[in-house]
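Per-entry structural report
Spelled out from the first residue to the last, the chains are:
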Amino acid sequence: MTRAARMVLTDCRIALEMLETEVSEDRWRVLWAGAVALIRAVGHVLDKVDGEQPPIKAAAKAAFARWKADDSSHAIFREFIESERNNILKRYESKVHPLSEVPVAIFLTLSQPETGEIKQIGFDELLGETIFKPIVDGYGEGEDARDIYRDAISWWERELQAIDIAAAG
């Protein structure tokens, strides 16, 4: 059973909750660094702790080979979980928008009820207080970093379940 890796994954969910409510840019950055370290730690703990069980070790080894291969269904592992962890822990850089205010272009399409005339209106809005923290390059580009992190948690849940099934069978 992947108990230890699942404990780390539980902490990832807590980190995500904290990121969702934090409004201080500096605290958000620190939380992000911790959250990214945790999301990668799931795999390390899977290998080093849960992997002490031979059936888990074998299933995890096969899984790691799949995750490292050029398979788009595991791109989140290579291009976000590993990449963002390496960015932060080795360079203290991130692919998350670094400023406290994020300029966002908004386009509205309006329809005049009497004439049916359609009009588009565009304007820029500055979003602050960590409301929107987009990834600016690579995997998840343009998406809020917390949404990609949530996807990574879901990916780990599926992968750990598959490893548990493989190890049991």
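Structural notes, computed from the coordinates. Just so you know, these numbers come straight off a predicted model, no measurement behind them.

Definitions and cut-offs
- Residues numbered from 1 in each chain as written.
- Predicted model: local features only at pLDDT ≥ 70, side-chain atom pairs only at ≥ 80, totals over all residues.
- Heavy atoms only, no water.
- Phe/Tyr/Trp six-rings, centres within 6.5 Å; stacked < 30°, edge-to-face > 60°.
- Helix = DSSP H or I, 4+ residues; strand = E, 2+ residues; numbered from the N terminus.
- Buried < 20%, exposed > 50% of the residue type's maximum accessible area, 1.4 Å probe, protein only.
- Polar contact = N/O pair within 3.5 Å; in protein donor to acceptor, adjacent residues only side chain to side chain.
- Contact = heavy atoms within 4.5 Å.
- Core = buried A, V, L, I, M, F, W, Y, C linked by side-chain atoms within 4.5 Å.
- Salt bridge = Lys/Arg side-chain N within 4 Å of Asp/Glu carboxyl O.

Looking now at the packing of aromatic side chains. Applying the stated criterion to the full structure yields eleven aromatic pairs. Arranged with centres 5.1 Å apart and planes meeting at 90°, the rings of Trp-67 and Trp-156 form a pair that is edge-to-face. Within this pair, whereas Trp-67 is found in helix α3 (residues 54–68), its partner Trp-156 is found in helix α5 (residues 145–168), the two being separated by 89 residues in sequence. The two residues Trp-67 and Trp-156 agree in class, both being buried.

Another aspect to go through is the side chain of Thr-2. Tracing the chain through its elements places Thr-2 in the segment before α1 (3–21). A distance of 2.9 Å separates polar atoms of two side chains, one belonging to Thr-2 and the other to Arg-6. Apart from the residues lying within four places of it in its own chain, the contact partners of Thr-2 are Leu-46, Asp-50, Ile-56, Leu-160, Ile-163 and Asp-164.

Judged by nonpolar contacts, the single largest core of 40 residues is most densely connected at Trp-32, Ile-39, Leu-46, Trp-67, Phe-80, Tyr-149 and Trp-156. Among the secondary structure elements, those contributing two or more residues to this core are α1, α2 (25–48), α3, α4 (75–91) and α5. Ranked by residue count, the leading element in this core is α2, at ten residues. With sequence-adjacent residues up to four places away left out, Ile-39 is seen in contact with Leu-9, Cys-12, Ile-81, Tyr-149, Ala-152, Ile-153 and Trp-156.

Mapping Lys-133 onto the fold places it in the loop between β2 (118–127) and α5. Lys-133 sits in the buried class, given a relative accessible area of 1%.

Attention now goes to the pattern of salt bridges. Tallied over the entire structure, the rule returns twelve salt bridges. Residue Glu-25 is joined to Lys-133 by a salt bridge in which the shortest nitrogen-to-oxygen separation is 2.6 Å. On the criterion of sequence distance, the pair formed by Glu-25 in helix α2 and Lys-133 in the loop between β2 and α5 is long-range, its members being 108 residues apart. The same class applies to Glu-25 as to Lys-133, namely buried. With a shortest N-O distance of 3.1 Å, Asp-26 and Arg-29 are connected by a salt bridge. Here Arg-29 and Asp-26 lie together in helix α2, a separation of three residues that amounts to about one turn. Exposure remark for Arg-29: the relative accessible area of 40% places this residue in the partly exposed category. Each of Glu-20, Asp-147 and Arg-150 takes part in salt bridges that share partners, so that together they form one network.

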